[in-house]
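# Observations on the three-dimensional arrangement
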Amino acid sequence: MEYSAENTAAAPAPSFRSGFVVILGKPNAGKSTLLNALVGERLAIVSEKPQTTRDRICGILTTESYQIVFLDTPGVIVPRDRFNEALVERVDEAIADADILYHLVDATDEEPPNERLVEALEQANVHTRFLVVNKIDKLPPADRTRIPPHIDPSRYDRGFFISALLKEGLDELLQATVERLREGPLYYDPEQITDRDERFFAAEAVREKIFHYLGEEVPYSVFTYVEEFQEHPDRDYIRVVIYVERESQKPIVIGKGGEMLKRIGTEARKDIEALTGRPAYLELWVKVRKNWRKNEFDLRNFGFKVAPRKRQK
Ligand code: GDP
Ligand code: MG
């Protein structure tokens with residue numbers, strides 16, 4: 001005879017909780033740094049230059065009782081070209097999925113957010129909004145719990161003061177987030193820490209080094225694309241193409257006697273190996289794709305969604 005579990009008097013198992021947290025803020029606020037700190041891995045590339053993040057990247061934190069999917073976003077800006085429009089579109093996608101919103105603000109930034117960010121913050125259909133003031137390590141101790149003047153605290157459920165870089169204040173933020181999670185499914189495998197694959201990280205590793213080593217303008221003109229990624233028992237073979245917008249940018253990326261390209265390759269390879277845990281051979285090519293940021297066809301090819309252009313009146 002079968003035994004009915006309903007008859008047992010044991011308390012019901014506590015339900016599993018889960019949710020999506022979208023991290024919004026201006027470029028350079030520290031969104032990618034925060035994502036990496038929360039998940040404990042370097043998933044998103046970080047740089048001192050604004051607008052490093054182009055894709056929506058998620059970091060997943062799973063325990064026995066909950067799963068949080070953090071969504072990093074490109075900083076919200078007022079788009080000036082087709083490429084930037086595509087970036088803003090990525091942000092809208094992330095907001096549409098979210099349950100909880102973190103508005104990440106640089107504590108030292110006195111400028112109010114731009115209209116596009118204000119709009120995104122207001123329209124987000126989330127059940128919880130947290131104000132997260134970052135980079136408090138840059139302020140004297142007395143100012144570390146100061147709410148920036150352009151922020152209206154009544155719009156948020158709670159406020160936090162953190163340093164994503166020094167991993168300060170993160171426990172409190174995380175705990176409050178867990179408390180706000182609602183009953184939900186396991187969206188991702190418990191072992192998974194991101195929805196991105198190794199190809200994506202290979203392309204991003206190369207792009208990060210370009211941001212790191214090259215001057216002001218070139219990094220924004222670069223798109224990195226993995227043409228080949230073969231896993232081999234002894235050593236993976238990875239070929240990445242670095243697309244630049246203009247012929248004149250090619251020698252800058254390559255450097256004198258190929259020195260710059262070599263440095264980018266060596267450093268990116270180390271990061272890729274650290275992430276995959278396997279030795280890799282990384283081959284880099286530099287090619288020109290004229291004005292890819294403005295070209296809808298190229299943007300689509302590179303995986304950006306491009307909305308049809310609005311008709312000019
Ligand atoms: P994002 O554009 O919002 O993703 O910002 P990033 O995460 O790329 O960070 C932009 C810059 O701010 C980088 O140079 C980071 O090292 C720096 N940064 C991020 N968080 C902190 C922080 O808590 N304190 C300080 N001092 N710098 C930070
Ligand atoms: Mg970023």
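The structure this text deals with has already been given above.
One structure accompanies this document, and this report is about it. (Residues numbered from 1 in each chain as written. Chains lettered and ligands numbered in written order. Predicted model: local features only at pLDDT ≥ 70, side-chain atom pairs only at ≥ 80, totals over all residues. Heavy atoms only, no water.)

On to the overall build of the chain, then. Broken down by element type, the chain carries eight helices and ten strands. Taking contacts inside the chain between residues at least 6 apart in sequence as the whole, the part at least 24 apart equals 72%. With the model as given, the accessible surface of the chain reaches about 16500 Å², and the carbon-plus-sulfur share is 49%. (Helix = DSSP H or I, 4+ residues; strand = E, 2+ residues; numbered from the N terminus. Contact = heavy atoms within 4.5 Å. Areas by Shrake-Rupley, 256 points an atom, 1.4 Å probe, with all protein chains shown as cover.)

The full set close to ligand 1 counts 19 residues, and Asn28, Gly30, Lys31, Thr33 and Asp137 are the nearest of them. Within the contact set of ligand 1, an oxygen atom lies 3.2 Å away from a side-chain nitrogen or oxygen of serine 163. Leucine 165 places a polar main-chain atom, nitrogen or oxygen, 3.1 Å from an oxygen atom of ligand 1. Relative to its unbound accessible area of 580 Å², ligand 1 is 88% covered by the protein chains. Of the residues forming the shell around ligand 1, the biggest block, three residues, is contributed by helix α1 (residues 31-39). Broken down by class, the residue content of the shell around ligand 1 amounts to five nonpolar, eight polar and six charged. (Near = heavy atom within 4 Å. Polar contact = N/O pair within 3.5 Å; in protein donor to acceptor, adjacent residues only side chain to side chain. Nonpolar A, V, L, I, M, F, W, Y, C, P; charged D, E, K, R; others polar.)

All right, on to the pattern of salt bridges then. Any two side chains of opposite charge can pair, given that their charged atoms come close. All told, the structure shown has 17 salt bridges when counted by the stated rule. Linking arginine 278 and glutamate 231 is a salt bridge whose minimum nitrogen-to-oxygen distance equals 3.7 Å. With arginine 278 in the loop between α7 (259-276) and β10 (280-288) and glutamate 231 in the loop between β8 (223-230) and β9 (236-244), this pair connects stretches of sequence that are 47 residues apart. We classify arginine 278 as partly exposed; its relative accessible area is 21%. (Salt bridge = Lys/Arg side-chain N within 4 Å of Asp/Glu carboxyl O. Buried < 20%, exposed > 50% of the residue type's maximum accessible area, 1.4 Å probe, protein only.)

In short, shape yes, function no, at least from these values alone.
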